[in-house]
Amino acid sequence: MPGTLWLVGTPIGNLADLAPRARDVLAGADLVAAEDTRRTGRLLKGLGIKKPMLSLYDANERERVGAIVDALRDDRTVAVVSDAGMPLVSDPGFRVVRACIEEGYEVGVVPGPSAVLAALVLSGLPTDRFSFEGFAPRKAGARADRLEALRDDARTLVFFESPGRVTTLLRDVLAVLGDRPAALCRELTKLHEQVIRGRVSEVIAALDGDPKGEIVLVVGGAPPRAPRDLDACVDEARDLVAEGMKKREAAHAVADRHHVSVNDIYDRLVAYD
(Lines give C-alpha, C1' and ligand atoms only; values in the text may rest on other atoms or scores of the structure.)
Protein backbone atom coordinates (compact mmCIF):
# COMPACT_ATOMS: atom_id res chain seq x y z
CA MET A 1 0.00 0.00 0.00
CA PRO A 2 1.56 3.32 -1.04
CA GLY A 3 1.83 5.92 1.69
CA THR A 4 2.22 3.22 4.36
CA LEU A 5 4.81 2.95 7.09
CA TRP A 6 5.78 -0.66 7.80
CA LEU A 7 7.49 -1.81 11.00
CA VAL A 8 9.38 -4.96 10.04
CA GLY A 9 10.82 -7.51 12.45
CA THR A 10 14.20 -8.89 11.41
CA PRO A 11 16.22 -11.87 12.73
CA ILE A 12 18.00 -11.52 16.07
CA GLY A 13 20.66 -13.97 14.96
CA ASN A 14 19.55 -16.76 12.67
CA LEU A 15 18.73 -15.39 9.21
CA ALA A 16 16.37 -18.31 8.58
CA ASP A 17 13.97 -16.69 11.06
CA LEU A 18 13.09 -13.89 8.63
CA ALA A 19 9.40 -14.22 7.78
CA PRO A 20 8.46 -14.55 4.10
CA ARG A 21 6.08 -11.61 4.54
CA ALA A 22 8.95 -9.49 5.89
CA ARG A 23 10.93 -10.22 2.74
CA ASP A 24 7.96 -9.27 0.59
CA VAL A 25 7.45 -5.96 2.40
CA LEU A 26 11.14 -5.08 2.19
CA ALA A 27 11.15 -5.97 -1.51
CA GLY A 28 8.11 -3.77 -2.11
CA ALA A 29 9.24 -0.77 -0.07
CA ASP A 30 10.35 2.43 -1.79
CA LEU A 31 12.58 3.38 1.14
CA VAL A 32 14.11 1.42 4.03
CA ALA A 33 14.85 3.33 7.23
CA ALA A 34 17.47 1.36 9.17
CA GLU A 35 19.28 1.74 12.48
CA ASP A 36 22.54 0.74 10.79
CA THR A 37 22.38 0.98 7.00
CA ARG A 38 25.50 -1.17 6.62
CA ARG A 39 24.08 -4.02 8.66
CA THR A 40 20.66 -3.84 7.00
CA GLY A 41 22.37 -3.45 3.65
CA ARG A 42 24.03 -6.84 4.15
CA LEU A 43 20.66 -8.36 5.05
CA LEU A 44 19.02 -6.92 1.93
CA LYS A 45 21.92 -8.03 -0.26
CA GLY A 46 21.55 -11.56 1.07
CA LEU A 47 17.88 -11.42 0.07
CA GLY A 48 18.71 -10.09 -3.39
CA ILE A 49 17.02 -6.77 -2.60
CA LYS A 50 18.42 -3.34 -3.44
CA LYS A 51 16.59 -0.31 -2.04
CA PRO A 52 17.28 3.33 -1.18
CA MET A 53 18.13 3.51 2.51
CA LEU A 54 17.93 6.13 5.23
CA SER A 55 19.72 5.91 8.57
CA LEU A 56 17.44 6.08 11.60
CA TYR A 57 19.07 5.89 15.01
CA ASP A 58 18.61 7.51 18.41
CA ALA A 59 20.70 10.60 17.72
CA ASN A 60 19.05 11.52 14.41
CA GLU A 61 15.50 10.21 14.75
CA ARG A 62 13.97 13.61 15.48
CA GLU A 63 15.38 15.09 12.27
CA ARG A 64 14.50 12.03 10.18
CA VAL A 65 10.78 12.26 10.99
CA GLY A 66 10.21 14.96 8.39
CA ALA A 67 11.94 13.01 5.61
CA ILE A 68 9.89 9.88 6.31
CA VAL A 69 6.59 11.78 6.49
CA ASP A 70 7.49 13.52 3.22
CA ALA A 71 8.08 10.12 1.59
CA LEU A 72 4.63 8.94 2.71
CA ARG A 73 3.12 12.18 1.48
CA ASP A 74 4.53 11.31 -1.93
CA ASP A 75 2.68 7.96 -1.74
CA ARG A 76 5.92 6.04 -1.15
CA THR A 77 6.07 2.98 1.07
CA VAL A 78 8.60 3.10 3.90
CA ALA A 79 9.88 0.12 5.89
CA VAL A 80 11.48 0.68 9.29
CA VAL A 81 13.88 -1.95 10.65
CA SER A 82 16.25 -2.12 13.59
CA ASP A 83 19.56 -3.94 13.69
CA ALA A 84 17.80 -7.02 15.04
CA GLY A 85 14.34 -7.93 16.27
CA MET A 86 11.33 -5.65 16.41
CA PRO A 87 11.76 -1.91 15.77
CA LEU A 88 10.95 0.48 18.66
CA VAL A 89 11.77 -2.10 21.37
CA SER A 90 14.80 -0.36 22.92
CA ASP A 91 15.43 0.87 19.37
CA PRO A 92 14.50 4.05 17.46
CA GLY A 93 11.21 4.54 15.65
CA PHE A 94 8.73 5.73 18.29
CA ARG A 95 8.80 9.37 17.17
CA VAL A 96 8.37 8.32 13.55
CA VAL A 97 5.34 6.16 14.34
CA ARG A 98 3.69 8.88 16.42
CA ALA A 99 4.24 11.48 13.70
CA CYS A 100 2.82 9.22 10.98
CA ILE A 101 -0.26 8.41 13.05
CA GLU A 102 -0.84 12.09 13.77
CA GLU A 103 -0.53 12.86 10.05
CA GLY A 104 -3.11 10.18 9.28
CA TYR A 105 -0.86 7.72 7.46
CA GLU A 106 -1.33 3.98 7.66
CA VAL A 107 1.09 2.14 9.94
CA GLY A 108 1.46 -1.62 9.53
CA VAL A 109 3.57 -4.25 11.26
CA VAL A 110 5.23 -7.45 10.15
CA PRO A 111 5.86 -9.31 13.43
CA GLY A 112 9.16 -11.05 13.76
CA PRO A 113 11.77 -12.37 16.19
CA SER A 114 11.97 -10.68 19.59
CA ALA A 115 14.85 -11.13 21.99
CA VAL A 116 12.55 -10.10 24.85
CA LEU A 117 10.03 -12.87 24.27
CA ALA A 118 12.63 -15.44 23.25
CA ALA A 119 14.50 -14.96 26.54
CA LEU A 120 11.30 -14.87 28.58
CA VAL A 121 10.02 -18.22 27.33
CA LEU A 122 13.47 -19.83 27.62
CA SER A 123 14.03 -18.60 31.17
CA GLY A 124 11.73 -21.07 32.89
CA LEU A 125 10.27 -18.18 34.90
CA PRO A 126 6.57 -17.15 34.96
CA THR A 127 5.45 -15.67 31.65
CA ASP A 128 1.87 -14.66 32.46
CA ARG A 129 2.93 -11.18 33.62
CA PHE A 130 6.26 -9.54 32.89
CA SER A 131 7.89 -6.12 32.69
CA PHE A 132 10.43 -5.22 30.01
CA GLU A 133 12.90 -2.77 31.55
CA GLY A 134 15.20 -2.22 28.58
CA PHE A 135 18.78 -1.27 29.49
CA ALA A 136 19.39 -0.47 33.15
CA PRO A 137 20.84 3.00 33.83
CA ARG A 138 24.62 3.15 33.50
CA LYS A 139 25.21 5.22 36.64
CA ALA A 140 25.28 3.20 39.84
CA GLY A 141 22.93 5.49 41.78
CA ALA A 142 20.31 5.64 39.04
CA ARG A 143 20.54 1.88 38.55
CA ALA A 144 20.02 1.25 42.26
CA ASP A 145 17.01 3.61 42.24
CA ARG A 146 15.48 1.75 39.28
CA LEU A 147 15.92 -1.61 40.99
CA GLU A 148 14.56 -0.26 44.27
CA ALA A 149 11.42 0.86 42.43
CA LEU A 150 11.01 -2.74 41.19
CA ARG A 151 11.55 -4.38 44.59
CA ASP A 152 7.86 -5.18 45.18
CA ASP A 153 6.94 -5.83 41.52
CA ALA A 154 5.62 -9.40 41.29
CA ARG A 155 6.08 -9.55 37.51
CA THR A 156 9.02 -11.29 35.87
CA LEU A 157 11.61 -8.65 34.92
CA VAL A 158 13.42 -8.60 31.57
CA PHE A 159 16.54 -6.48 30.97
CA PHE A 160 18.83 -5.87 28.04
CA GLU A 161 22.46 -5.41 29.03
CA SER A 162 25.87 -5.14 27.41
CA PRO A 163 28.47 -7.87 28.04
CA GLY A 164 30.76 -5.51 29.94
CA ARG A 165 28.09 -4.39 32.41
CA VAL A 166 25.95 -7.48 32.97
CA THR A 167 28.00 -8.75 35.93
CA THR A 168 27.63 -5.36 37.61
CA LEU A 169 23.89 -5.45 36.98
CA LEU A 170 23.65 -8.96 38.44
CA ARG A 171 25.49 -7.89 41.59
CA ASP A 172 23.18 -4.90 41.98
CA VAL A 173 20.14 -7.14 41.49
CA LEU A 174 21.49 -9.43 44.20
CA ALA A 175 22.07 -6.49 46.58
CA VAL A 176 18.74 -4.74 46.00
CA LEU A 177 16.25 -7.46 44.99
CA GLY A 178 17.83 -10.45 46.69
CA ASP A 179 18.89 -13.86 45.45
CA ARG A 180 15.98 -14.46 43.11
CA PRO A 181 15.73 -17.04 40.32
CA ALA A 182 17.15 -15.70 37.09
CA ALA A 183 18.26 -16.63 33.59
CA LEU A 184 21.01 -15.05 31.56
CA CYS A 185 20.33 -15.59 27.86
CA ARG A 186 23.25 -15.00 25.49
CA GLU A 187 23.48 -14.99 21.69
CA LEU A 188 19.89 -16.14 21.20
CA THR A 189 19.24 -18.12 17.99
CA LYS A 190 22.95 -17.96 17.10
CA LEU A 191 25.52 -20.76 16.93
CA HIS A 192 26.76 -20.17 20.48
CA GLU A 193 23.38 -19.63 22.15
CA GLN A 194 23.60 -20.11 25.91
CA VAL A 195 21.14 -19.92 28.79
CA ILE A 196 22.42 -19.89 32.39
CA ARG A 197 19.62 -20.54 34.88
CA GLY A 198 19.68 -20.48 38.67
CA ARG A 199 19.66 -18.05 41.55
CA VAL A 200 21.28 -14.69 40.83
CA SER A 201 24.29 -15.71 42.93
CA GLU A 202 24.58 -18.94 40.92
CA VAL A 203 24.43 -17.10 37.61
CA ILE A 204 27.21 -14.77 38.79
CA ALA A 205 29.31 -17.76 39.86
CA ALA A 206 28.72 -19.50 36.52
CA LEU A 207 30.06 -16.58 34.49
CA ASP A 208 33.70 -16.95 33.55
CA GLY A 209 34.63 -13.29 33.35
CA ASP A 210 32.57 -10.97 31.17
CA PRO A 211 30.44 -12.94 28.70
CA LYS A 212 30.48 -12.09 25.01
CA GLY A 213 27.63 -11.35 22.64
CA GLU A 214 24.14 -9.93 23.02
CA ILE A 215 22.55 -10.56 26.40
CA VAL A 216 19.06 -10.61 27.88
CA LEU A 217 18.71 -11.01 31.64
CA VAL A 218 15.45 -12.38 33.08
CA VAL A 219 14.81 -12.04 36.82
CA GLY A 220 11.98 -13.50 38.87
CA GLY A 221 9.42 -11.10 40.34
CA ALA A 222 8.98 -10.27 44.00
CA PRO A 223 7.85 -13.27 46.05
CA PRO A 224 4.45 -13.04 47.78
CA ARG A 225 4.63 -11.33 51.14
CA ALA A 226 4.01 -13.48 54.16
CA PRO A 227 0.63 -12.48 55.60
CA ARG A 228 0.97 -10.44 58.75
CA ASP A 229 -0.74 -11.54 61.94
CA LEU A 230 -4.34 -10.30 61.82
CA ASP A 231 -4.22 -8.97 65.37
CA ALA A 232 -1.20 -6.84 64.49
CA CYS A 233 -3.01 -5.53 61.39
CA VAL A 234 -6.08 -4.63 63.44
CA ASP A 235 -3.90 -2.79 65.96
CA GLU A 236 -2.27 -0.86 63.13
CA ALA A 237 -5.71 0.06 61.73
CA ARG A 238 -6.91 1.17 65.19
CA ASP A 239 -3.93 3.52 65.42
CA LEU A 240 -4.97 5.07 62.10
CA VAL A 241 -8.55 5.46 63.34
CA ALA A 242 -7.24 7.14 66.49
CA GLU A 243 -5.45 9.63 64.24
CA GLY A 244 -8.75 10.53 62.58
CA MET A 245 -9.08 8.08 59.71
CA LYS A 246 -12.42 6.38 59.09
CA LYS A 247 -12.59 2.67 59.92
CA ARG A 248 -13.17 1.55 56.33
CA GLU A 249 -10.32 3.72 55.03
CA ALA A 250 -8.00 2.44 57.76
CA ALA A 251 -8.92 -1.16 56.94
CA HIS A 252 -8.16 -0.58 53.26
CA ALA A 253 -4.84 1.13 54.00
CA VAL A 254 -3.58 -1.68 56.21
CA ALA A 255 -4.96 -4.44 53.98
CA ASP A 256 -3.20 -3.00 50.92
CA ARG A 257 0.05 -2.69 52.85
CA HIS A 258 0.07 -6.23 54.20
CA HIS A 259 -2.03 -8.12 51.62
CA VAL A 260 -4.73 -9.25 54.03
CA SER A 261 -8.52 -9.15 53.84
CA VAL A 262 -10.13 -5.70 54.16
CA ASN A 263 -13.29 -7.21 55.59
CA ASP A 264 -11.44 -9.20 58.25
CA ILE A 265 -9.79 -6.03 59.53
CA TYR A 266 -12.93 -3.92 59.26
CA ASP A 267 -15.10 -6.49 61.03
CA ARG A 268 -12.66 -6.61 63.93
CA LEU A 269 -12.56 -2.80 64.13
CA VAL A 270 -16.34 -2.62 64.32
CA ALA A 271 -16.44 -5.41 66.90
CA TYR A 272 -14.21 -3.39 69.23
CA ASP A 273 -16.84 -0.62 69.49
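Attention here is on the structure that accompanies the text. It should be emphasised that the depicted structure is a prediction, and the values quoted were computed from it without experimental measurement.

Judged by how many residues are buried, strand 1 (residues 4–8) sits mostly within the fold: five of five residues are covered. Side-chain alternation along strand 1 places Thr4, Trp6 and Val8 on one buried face and Leu5 and Leu7 on a second face that is also buried. Bridging between strand 1 and strand 5 (residues 106–110) involves five bridges; their strand directions are parallel. Of the residues in strand 5, the one forming a bridge with leucine 5 is valine 107. Relative to strand 4 (residues 78–81), strand 1 runs parallel, the two being bridged by three bridges. For leucine 7, the partnering residue across the bridge sits in strand 4 and is valine 80.

Attention shifts here to the nonpolar core. Counting 21 residues, the largest nonpolar core has Phe159, Leu170, Val173, Leu184, Leu217 and Val219 as its most contacted members. Going through the elements one at a time, strand 7 (156–161), helix 7 (166–176), strand 8 (181–186), helix 8 (200–206) and strand 10 (215–219) are the ones with two or more residues in this core. A total of five residues in this core trace back to one element, the largest contributor, which is helix 7. Ignoring sequence-local partners within four residues, the contact set of phenylalanine 159 consists of Glu133, Gly134, Leu147, Leu150, Leu169, Ile215, Val216, Leu217 and Val219. Ranked by size, the runner-up nonpolar core spans 18 residues in total, among them Leu31, Leu72, Val97 and Tyr105.

With respect to the helices, strands and loops of the structure, valine 158 is situated in strand 7. Relative accessible area serves as the criterion here: at 0%, valine 158 is assigned to the buried category. For the pair formed by valine 158 and glycine 134, sequence separation is 24 residues and the distance between their alpha carbons is 7.3 Å. Residues contacting valine 158, with those up to four places away along its chain left out, are Val116, Leu120, Phe130, Ser131, Phe132, Glu133, Gly134, Val216, Leu217 and Val218.

Before going further, it helps to spend a moment on the environment of leucine 230. One can find leucine 230 in helix 9 (residues 230–242). Along the backbone, leucine 230 and phenylalanine 135 are 95 residues apart, and their C-alpha atoms lie at a distance of 41 Å. Not counting chain neighbours up to four residues away, the residues in contact with leucine 230 comprise Asp264, Ile265 and Arg268.

All right, on to the sheet that holds strand 9 (residues 194–199) then. Here we have five strands laid out as an open sheet, ordered 6-7-10-8-9, and mixed in their pairing. Pairing within the sheet leaves two strands with one partner each, and these edge strands are strand 6 (130–135) and strand 9. The mean inter-strand angle of the sheet, taken between neighbouring strand axes irrespective of direction, is 15°. The pairing of strand 8 with strand 9 spans six bridges and is antiparallel. Along strand 9, the bridge assignment pairs arginine 186 with glutamine 194.

Definitions and limits used
Residues numbered from 1 in each chain as written. Predicted model: local features only at pLDDT ≥ 70, side-chain atom pairs only at ≥ 80, totals over all residues. Heavy atoms only, no water. Buried < 20%, exposed > 50% of the residue type's maximum accessible area, 1.4 Å probe, protein only. Helix = DSSP H or I, 4+ residues; strand = E, 2+ residues; numbered from the N terminus. Pairing = 2+ DSSP bridges. Core = buried A, V, L, I, M, F, W, Y, C linked by side-chain atoms within 4.5 Å. Contact = heavy atoms within 4.5 Å. Axes fitted to C-alpha atoms, helices over the stretch in contact; angles between N-to-C directions.

By themselves these figures say nothing about function.
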